[in-house]
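Residue-level listing of the chains:
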Amino acid sequence: MSEQQQKITLEFLSLTDYEELKEAMIASYKNMPDSYWRERQINNLLNKFPKGQVVIKVNGKIAGCALSIIVDSQKFDDQHTYKEITGNYTFNTHTEDGDVLYGIDIFIKPEYRGLRLGRRLYEYRKELCENLDLRAIFMGGRIPNYHLHANEMTPKEYIQKVRTHEIHDPVLNYQISNDFHPVRIIKGYLEGDEASSEYAVLLRWDNIYYEKPTKKAKTIKKIVRLGIVQWQMRPYEDLDNLMRQAEYFIDTLSGYRCDFALFPEFFNAPLMAKYNHLSESDAIRKLAEYTPEIVERFSKLAISYNINIIGGSMPKLVDNQLYNVGYLLKRNGEIEEYEKLHPTPDEKKVWAMQGGSQLKSFDTDCGKIGILICYDVEFPELPRMLADDGVGILFVPFLTDTQNGFSRIKLCAQSRAIENECYVAIGGSVGNLPNVHNMDIQFAQSGVFTPCDFQFPSNGIKAEATPNTEMILIADVDMDLLTELHNFGSVRNLKDRRLDIYEIAKKK
């Protein structure tokens, strides 16, 4: 058959296909005589679950077939038999309330093998599993070449050699190549399967998009809208004026239905102008007196504008020690604190700033997030530990005075997005503060960065603000794309780590 003549279609199985289907089954299972489904069984299967039964045709002729049912995994242990899982071949085990798609049969006629038609049947099953929000696909995989090695090795040893390509098994090799993973060996799975010595491998494919049913009126958003405030440093008469400007941006971002509003590090620095007659270290300690009220006001704004606010950072005095801290003000009213762990040399010298000690992720209505203040993003161990905790979005409020300093933040943030397969949003300040010591000039270009793979921009930049201009930046990020990247990416930085050689862990 020439390539030009082939027309390949995937269709739902119909009872009118039965005679041709029977012929295809007999041709596919020559070593297992009488191993074909009877018409009444196919009719029963079609009545129970028509979407689970498909055939692939070449020029209108059946070339292959895939049959499946939905089962409740709680009703079967891992040592079930084929007879048990099919309800003695009646398919009474099928239930619409089940959580697993179970592959009953899949085959390609011998003359059509080599066209990769089986892959299309597997892909259909995967799409069906995802569309029905089922937890996984299971199947009992035959190992038809095992009888050639049964006297030399156990089934476990055989499977390991198949996985390392020392032995070829046409069924198991193909299932593994289609992302199915061995769970366990089942003895006595299929009566009469002498080629497999009646052994089978229980195989599983996990639906990474599965969402467990819940009775709670709570959802985790999959498309998250990020809002970043590129803040202009300008003189403010008092706290009321500064908060009026902050509320303006929060109102605007809320109007665009953003889930987060990110403010920069030390965005409240203009309030130090009235203390410019003091030393730098005394002036910033006076600024710390505003922190409790700003947090309280931000929390009220988060609730009233229905937006999660990441309040940049502010100075905080604890036992007369100065720390650089920030607050996550959730729209449900909760308030959480984060700390800058690595003060810069200038912050330690001029302000006597101390480094914090807590690193943690935060649960939000958009999934887990992490927040690192400025210089902290230049230490790759921190984002890696947050990634291990399940963080999908990393926020970085920053403050840089020169393009050199900004470039360090940007390039490290982009690296963290790639290394940890997450989104990274950075937000900084622009403008000048000639009347505030040690805060004279600012340089920023806020942005949202992504991993670099086919699902994302090729340069890893989702959105960027205009450099050194007061503005807001809004970008949508798709959390499902991260899930897809973790499991099927061109490279998989998190999964491919050599944890047998090295590890990163927080000290207790």
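Preceding this paragraph is the structure being described.
Residues numbered from 1 in each chain as written. Predicted model: local features only at pLDDT ≥ 70, side-chain atom pairs only at ≥ 80, totals over all residues. Heavy atoms only, no water.

1. A few points about the packing of helix α4 (residues 117-131) against helix α6 (residues 170-177)
Where α4 meets α6, the axes come as close as 11 Å, and the angle between the chain directions of the two elements is 50 degrees. Relative to α6, the element α4 lies oblique. Crossing geometry of α4 relative to α6 is assigned as right-handed. Here Gly118, Arg119 and Tyr122 of α4 come into contact with α6, specifically with Tyr174, Gln175 and Ser177. Here the residues of the contact of α4 with α6 sort into two nonpolar, three polar and one charged. (Axes fitted to C-alpha atoms, helices over the stretch in contact; angles between N-to-C directions. Helix = DSSP H or I, 4+ residues; strand = E, 2+ residues; numbered from the N terminus. Parallel < 35°, antiparallel > 145°, perpendicular 65-115°, else oblique. Left-handed = near helix turned anticlockwise from the far one by under 90°. Contact = heavy atoms within 4.5 Å. Nonpolar A, V, L, I, M, F, W, Y, C, P; charged D, E, K, R; others polar.)

2. Re a nonpolar patch on the surface
Taken together, the side chains of Leu499, Ile501 and Tyr502 define a hydrophobic patch exposed on the protein surface, amounting to about 330 Å² of accessible area. On the secondary structure map, Ile501 appears in the segment after α13 (479-488). (Patch = residues over 30% accessible without salt bridge, like charges linked within 9 Å, V, L, I, M, F, W, Y side chains within 5 Å. Areas by Shrake-Rupley, 256 points an atom, 1.4 Å probe, with all protein chains shown as cover. Salt bridge = Lys/Arg side-chain N within 4 Å of Asp/Glu carboxyl O.)

3. Let's talk about the side chain of Thr291
Mapped onto the elements, Thr291 comes out in helix α9 (residues 291-304). The class for Thr291 is buried, based on a relative accessible area of 3%. Apart from the residues within four sequence positions on either side, Thr291 is in contact with Met314, Pro315 and Tyr327. (Buried < 20%, exposed > 50% of the residue type's maximum accessible area, 1.4 Å probe, protein only.)

4. Considering the sheet that holds strand β18 (residues 423-427)
On the basis of which strands lie adjacent, the open sheet formed by six strands has the order β15-β16-β17-β18-β21-β22 and mixed pairing. Looking along the sheet, the strands with just one partner apiece sit at the ends: β15 (362-364) and β22 (461-464). Strand after strand, the sheet turns through a mean of 20 degrees between neighbouring axes, direction not considered. In the sheet, strand β17 (residues 393-397) pairs with β18 via five bridges, with the strands oriented parallel. Of the residues in β18, the one forming a bridge with Val396 is Ile426. Contacts from helix α12 (residues 403-420) reach β18, β21 (447-449) and β22 within the one sheet, and its direction differs from that of β18 by about 165 degrees. (Pairing = 2+ DSSP bridges.)

5. Quick notes on the pattern of salt bridges
Enumeration according to the criterion identifies 30 salt bridges in this entry. Of the charged contacts, one joins Asp388 and Arg497 as a salt bridge, the two residues approaching to 3.0 Å between their closest N and O atoms. With Asp388 in helix α11 (residues 381-388) and Arg497 in the segment after α13, the pair connects residues that are 109 residues apart, well separated along the chain. The exposure class of Asp388 is partly exposed, given its relative accessible area of 43%. Using a relative accessible area of 18% as the deciding quantity, one classes Arg497 as buried.

6. Some details on the environment of Glu194
In this structure, Glu194 sits in the loop between β6 (181-187) and β7 (199-206). Separated by 47 residues in sequence, Glu194 and His147 have C-alpha atoms that sit 7.4 Å apart.

7. Considerations on unusual backbone geometry
With phi around 55 degrees, Ser197 is a residue other than glycine that occupies positive phi space. Looking at the element boundaries, Ser197 is found in the loop between β6 and β7. Despite not being glycine, Arg257 has its phi angle at roughly 60 degrees, a positive value.

8. Thoughts on the packing of α11 against α12
As a packed pair, α11 and α12 sit with axes 10 Å apart at the nearest point and diverge in direction by 35 degrees. Of the two possible hands of crossing, α11 and α12 adopt the one that is right-handed. Contacts between α11 and α12 involve Pro383, Arg384 and Ala387 from the former and Arg416, Glu419 and Asn420 from the latter. Considering only residue class, the contact of α11 with α12 consists of two nonpolar, one polar and three charged.

9. Observations regarding the side chain of Arg125
Within the fold, Arg125 resides in helix α4. Despite its burial, Arg125 pairs with no opposite charge, the nearest such side chain being Asp105 at 6.7 Å. Among the polar contacts made by the side chain of Arg125, one reaches the main-chain carbonyl oxygen of Leu67 at a distance of 2.8 Å. Those residues in contact with Arg125 that lie beyond four places of it in its chain are Ala66, Leu67, Ser68, Leu101, Gly103, Ile104, Asp105, Ile106, Ile137 and Met139. (Lys, Arg positive; Asp, Glu negative; His and termini not counted. Polar contact = N/O pair within 3.5 Å; in protein donor to acceptor, adjacent residues only side chain to side chain.)

10. A closer look at the nonpolar core
Grouped together as the largest cluster of nonpolar side chains are 51 residues, with contacts concentrated most on Leu226, Ile310, Ile369, Ile393, Phe395 and Ile426. Looking at this core, the element that brings in the most residues is α12, giving five residues. With residues up to four places along the chain from it excluded, the contact list for Phe395 reads Leu226, Phe260, Leu262, Ile310, Ile369, Gly370, Ile371, Leu372 and Ala425. (Core = buried A, V, L, I, M, F, W, Y, C linked by side-chain atoms within 4.5 Å.)

11. What about the packing of aromatic side chains?
One pass over the structure, following the stated rule, counts 26 aromatic pairs. Between Trp231 and Phe249 the ring centres are 6.1 Å apart and the planes differ by 55 degrees, which places this aromatic pair in the tilted class. Of this pair, Trp231 sits in strand β8 (residues 223-233) while Phe249 sits in helix α7 (residues 239-255), and the two are 18 residues apart along the sequence. One exposure class covers both Trp231 and Phe249, and it is buried. With centroids separated by 5.0 Å and ring planes inclined at 45 degrees, the aromatic side chains of Phe260 and Phe395 adopt a geometry described as tilted. Separated by 135 residues along the polypeptide, Phe260 in strand β9 (residues 260-262) and Phe395 in strand β17 bring together distant segments of the chain. No difference in accessibility class separates Phe260 from Phe395, as the two residues are buried. (Phe/Tyr/Trp six-rings, centres within 6.5 Å; stacked < 30°, edge-to-face > 60°.)

12. What to know about α6
Within α6 the residues assigned to the buried category are Leu172, Asn173 and Gln175. One side of α6 holds all its buried residues, which, seen down the axis, span an arc of 165 degrees. Lining the buried residues of α6 we find α4, β5 (136-142), α5 (155-163) and β7. Among the residues trailing α6, Asp179 stands out with phi positive, at a value near 75 degrees. (Arc of directions from axis to C-beta.)

13. Remarks on the sheet that holds strand β4 (residues 100-108)
Strand order in the open sheet made by the seven strands is β1-β2-β3-β4-β5-β7-β6, with mixed pairing throughout. Either end of the sheet is taken by a strand with one partner, and the two such strands are β1 (8-12) and β6. With strand direction ignored, the average angle separating the axes of adjacent strands in the sheet is 25 degrees. Across the sheet, α5 is in contact with β6 and β7; its angle to β6 comes to roughly 155 degrees. Those strands touched by α6 are β5, β6 and β7, and its axis lies near 160 degrees from that of β5.

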